[in-house]
Amino acid sequence: MIVAEAIEAALNQGTTVVFSSGNGGIETLQFPAAEEGVIAVGAIDSNDQRATFSTFGNWLDVMAPGVDILSLRAQGTDMYAYNSEPRVHII
């Protein structure tokens, strides 16, 4: 698996590797977040509750804000600026 090999190479170089747990709202291991050595991140809401869409389980390492993020709601910003379609940034 190419992704697993890339993760292994990054870890061998001392890189911290972080992946989202996924947005399936299920309690099932999801790869690549569940790969050995990866920090798996789930989403919480503003009440510190698991976001309904966030994949979850005891394999997660950390939960982070994932609903109504203030920086995406700041005055003068619009995360759906193009015909109400989400903007995608390819790096």
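The structure under discussion appears in the preceding block.
Source: prediction; values computed, not measured.

(A) Geometry of the overall build of the chain. Each helix and strand in the chain was counted, giving two helices and three strands. The proportion of buried residues among the 91 residues of the chain is 19%. In the chain, the proportion of contacts linking residues at least 24 apart, taken out of those at least 6 apart, comes to 35%. Accessible surface computed for the chain: about 6900 Å², of which carbon and sulfur atoms make up 53%.

(B) Here's a closer look at the sheet that holds strand S2 (residues 39-44). Taking strand neighbours across the sheet as the criterion, the three strands line up as S1-S2-S3 in an open arrangement whose pairing is parallel. Looking at strand neighbours, the two that pair on one side only are strand S1 (18-20) and strand S3 (62-65), the edges of this open sheet. Mean inter-strand twist for the sheet, computed between neighbouring axes without regard to direction, equals 40°. Bridge analysis of S2 against S3 gives four bridges, and the strand direction is parallel. Looking at the pairing, Ile 44 lines up with Pro 65 of S3.

(C) Molecular detail of the pairing of S2. Extensive coverage of S2 is indicated by the burial of five of its six residues. Where S1 lies against S2, three bridges are found, and the strand directions are parallel. Paired with Phe 19 across the strands is Ala 40, a residue of S2.

(D) Region of interest: unusual backbone geometry. Look at the link from Phe 31 to Pro 32: it is a cis peptide, with omega at 20°. Within the secondary structure layout, Pro 32 lies in the loop between S1 and S2. Despite not being glycine, Asp 48 shows a phi value in the positive range, around 60°.

(E) Layout of the side chain of Ser 54. The residue Ser 54 is located in the loop between S2 and S3 in this model. Only 2.9 Å separates the side chain of Ser 54 from the backbone nitrogen of Ala 43, close enough to count as a polar contact. Discounting chain neighbours no more than four positions away, the residues touching Ser 54 are Ser 21, Gly 22, Gly 25, Ile 26, Gly 42, Ala 43 and Met 63.

Conventions we followed
- As a convention, each chain's residues are numbered from 1 in the sequence order in which they are written.
- With pLDDT at 70 or above as the cut-off, local features in this predicted model cover only qualifying residues; side-chain atom pairs require 80 or more to be listed or tallied, and sums for whole chains, interfaces and linings still use all residues.
- By convention in this description, side-chain values take in all heavy atoms of the structure and omit both hydrogens and water.
- Helix and strand definitions here come from DSSP, where helices need a minimum of 4 consecutive H or I residues and strands a minimum of 2 consecutive E residues; each element is numbered from the N-terminal end.
- Buried residues are those whose accessible area, probed at 1.4 Å on protein chains only, stays under 20% of the maximum for their type, while exposed residues exceed 50% and partly exposed ones sit between those limits.
- Here, residues are in contact when the closest pair of their heavy atoms is within 4.5 Å.
- Per-residue and other accessible areas were derived by the Shrake-Rupley procedure at a 1.4 Å probe size, with only the shown protein chains allowed to occlude residues.
- One requirement defines pairing of two strands: DSSP has to find at least two bridges between them.
- Lines fitted to the C-alpha atoms define the axes, with helices restricted to the stretch that makes contact. Angles between their N-to-C directions range from 0 to 180 degrees.
- The term polar contact refers here to a pair of N or O atoms within 3.5 Å; inside protein, the definition further demands a hydrogen-donor-capable atom paired with an acceptor-capable atom, and it admits residues adjacent in sequence only when both atoms are side-chain atoms.

By themselves, these observations are geometric and do not establish any function.
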